[in-house]
Amino acid sequence: MDEHMIRELAVSALKMRELSYVPYSDFAVGAALLTKDGRIFTGCNVENAAFGPSICAERTAVAKAVSEGAREFAAIAVAGGKRGEPPKDYCPPCGVCRQVLAEFSGPDMPVIVVKSEEEIRITTLGDLLPQSFTPADLG
Ligand code: THU
């Protein structure tokens, strides 16, 4: 992946944490999803008093993209940690978000996990969710 784009996605994911609505966990997550046609859709986590309806940053970004007509994704960046502080560690996508990403993206899609602008790791969706159940499995 292009270094400049990796950094842009990382910065966007870090920045989106400022918009997280996290009164229950105090854990702010930001995501930046790059489409194959070069658009970036961002997302933050949005929690709820009933807990269950809470949505992760990654799924917020996916819902924003799909609802704008984008379904082909080139990469996603994710950053998370205690609200109001820089991340202390890398925040890989949760299992539900991995499954949602696998609905639209193949195993080679880069997943960029971000601790800071300088500390970035790149893995793939296939590494995070091997042998996944996808639309192809429905036949
Ligand atoms: N969270 C995300 O937004 N993305 C992840 O991949 C991990 C977890 C959110 C959900 C909840 O609002 C908070 O982080 C603590 O779990």
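Structure first, text after, so check above.
Residues numbered from 1 in each chain as written. Predicted model: local features only at pLDDT ≥ 70, side-chain atom pairs only at ≥ 80, totals over all residues. Heavy atoms only, no water.

Novice: When you look at the site of the ligand in this model, what are you seeing that I'm missing?
Specialist: Lining the immediate environment of the ligand, one finds Ser 25, Phe 27, Val 29, Asn 45, Glu 47, Cys 56, Ala 57, Glu 58, Pro 92, Pro 93 and Cys 94. Here Glu 47 contributes a side-chain N or O atom positioned 2.5 Å from an oxygen atom of the ligand. A distance of 2.6 Å separates an oxygen atom of the ligand from a polar side-chain atom of Glu 58. The fraction of the free accessible surface of the ligand (370 Å²) that becomes covered by protein chains is 78%. Tallied by class, residues from the shell around the ligand come to seven nonpolar, two polar and two charged. (Near = heavy atom within 4 Å. Polar contact = N/O pair within 3.5 Å; in protein donor to acceptor, adjacent residues only side chain to side chain. Areas by Shrake-Rupley, 256 points an atom, 1.4 Å probe, with all protein chains shown as cover. Nonpolar A, V, L, I, M, F, W, Y, C, P; charged D, E, K, R; others polar.)

Novice: What should I look at first to understand a nonpolar patch on the surface in this one?
Specialist: Where nonpolar side chains cluster on the molecular surface, the patch consists of Tyr 21, Tyr 24, Val 46 and Phe 51 and spans about 420 Å² of accessible area. Within the element layout of this structure, Tyr 24 appears in the loop between α1 (3-16) and β1 (27-35). (Patch = residues over 30% accessible without salt bridge, like charges linked within 9 Å, V, L, I, M, F, W, Y side chains within 5 Å. Salt bridge = Lys/Arg side-chain N within 4 Å of Asp/Glu carboxyl O. Helix = DSSP H or I, 4+ residues; strand = E, 2+ residues; numbered from the N terminus.)

Novice: What am I meant to see in the side chain of Arg 17 here?
Specialist: Tracing the backbone shows Arg 17 in the loop between α1 and β1. One buried charged residue, Arg 17, remains without a salt bridge, the closest side chain of opposite sign being Glu 85 at 7.4 Å. Looking at Arg 17, its side chain comes within polar contact range of the main-chain oxygen of Gly 81, at 2.8 Å. With residues up to four places along the chain from it excluded, the contact list for Arg 17 reads Ala 28, Val 29, Gly 30, Ala 79, Gly 80, Gly 81, Lys 82, Arg 83, Glu 85, Pro 86 and Pro 87. (Buried < 20%, exposed > 50% of the residue type's maximum accessible area, 1.4 Å probe, protein only. Lys, Arg positive; Asp, Glu negative; His and termini not counted. Contact = heavy atoms within 4.5 Å.)

Novice: What is the right way to read helix α3 (residues 95-104) from this model?
Specialist: Because each turn of an α-helix spans 3.6 residues, side chains separated by three or four positions end up pointing in the same direction. Of all the residues in α3, the buried ones are Cys 97, Arg 98, Leu 101 and Ala 102. Seen along its axis, α3 keeps its buried residues to an arc of 140°; they face one direction. Lining the buried residues of α3 we find α2 (57-66), β3 (73-82) and α4 (125-128). (Arc of directions from axis to C-beta.)

Novice: I tried to follow the nonpolar core on my own but got confused; where do I start?
Specialist: Side chains of nonpolar character tend, in soluble globular proteins, to be buried together. Membership of the largest hydrophobic core comes to 19 residues, with the highest contact counts inside it found for Leu 33, Ala 65, Phe 73, Ile 76, Leu 101, Met 109 and Leu 125. Counting residues per element, the ones that place at least two in this core are β1, α2, β3, α3 and α4. By residue number, the principal contributor to this core is α2, which donates four residues. Excluding its chain neighbours within four sequence positions, the residues that come into contact with Phe 73 are Leu 33, Leu 34, Thr 35, Lys 36, Val 62, Ala 65, Val 66, Phe 104, Ser 105 and Met 109. (Core = buried A, V, L, I, M, F, W, Y, C linked by side-chain atoms within 4.5 Å.)

Novice: What should I look at first to understand the side chain of Ser 105 in this one?
Specialist: Structurally, Ser 105 can be placed in the loop between α3 and β4 (110-114). Setting aside chain neighbours within four positions, we find Ser 105 in contact with Phe 73 and Leu 125.

Novice: Teacher, can you tell me more about the packing of α2 against α3 here?
Specialist: If you want to describe how two helices pack, look at the angle between their axes and the distance between the axes. Running from N to C, α2 and α3 point in directions that differ by 25°, and their axes come no closer than 9 Å. Considered as vectors, α2 and α3 are oriented roughly parallel to each other. The two elements α2 and α3 meet at a crossing, and its hand is left-handed. Mapping the contact onto sequence places Glu 58, Arg 59, Val 62 and Val 66 in α2 and Val 96, Cys 97, Val 100, Leu 101 and Phe 104 in α3. Residues of the contact of α2 with α3, tallied by class, amount to seven nonpolar, no polar and two charged. (Axes fitted to C-alpha atoms, helices over the stretch in contact; angles between N-to-C directions. Parallel < 35°, antiparallel > 145°, perpendicular 65-115°, else oblique. Left-handed = near helix turned anticlockwise from the far one by under 90°.)

Novice: Would you mind going over the packing of aromatic side chains with me for this structure?
Specialist: We describe a pair of aromatic rings using the distance from one ring centre to the other and the angle between the two ring planes. In total, this model carries two aromatic pairs according to the counting rule given. Arranged with centres 5.6 Å apart and planes meeting at 45°, the rings of Tyr 24 and Phe 51 form a pair that is tilted. Of this pair, Tyr 24 sits in the loop between α1 and β1 while Phe 51 is found in the loop between β2 (40-44) and α2, placing the two residues 27 residues apart along the sequence. Residue Tyr 24 is classed as partly exposed on the basis of its relative accessible area, which comes to 41%. When the centroid spacing of 5.8 Å and the interplanar angle of 65° are considered together, the rings of Phe 73 and Phe 104 count as edge-to-face. With Phe 73 in strand β3 and Phe 104 in helix α3, this pair connects stretches of sequence that are 31 residues apart. Under the relative-accessibility criterion, Phe 73 is labelled buried at 4%. Take Phe 104: its relative accessible area is 30%, and that puts it in the partly exposed class. (Phe/Tyr/Trp six-rings, centres within 6.5 Å; stacked < 30°, edge-to-face > 60°.)

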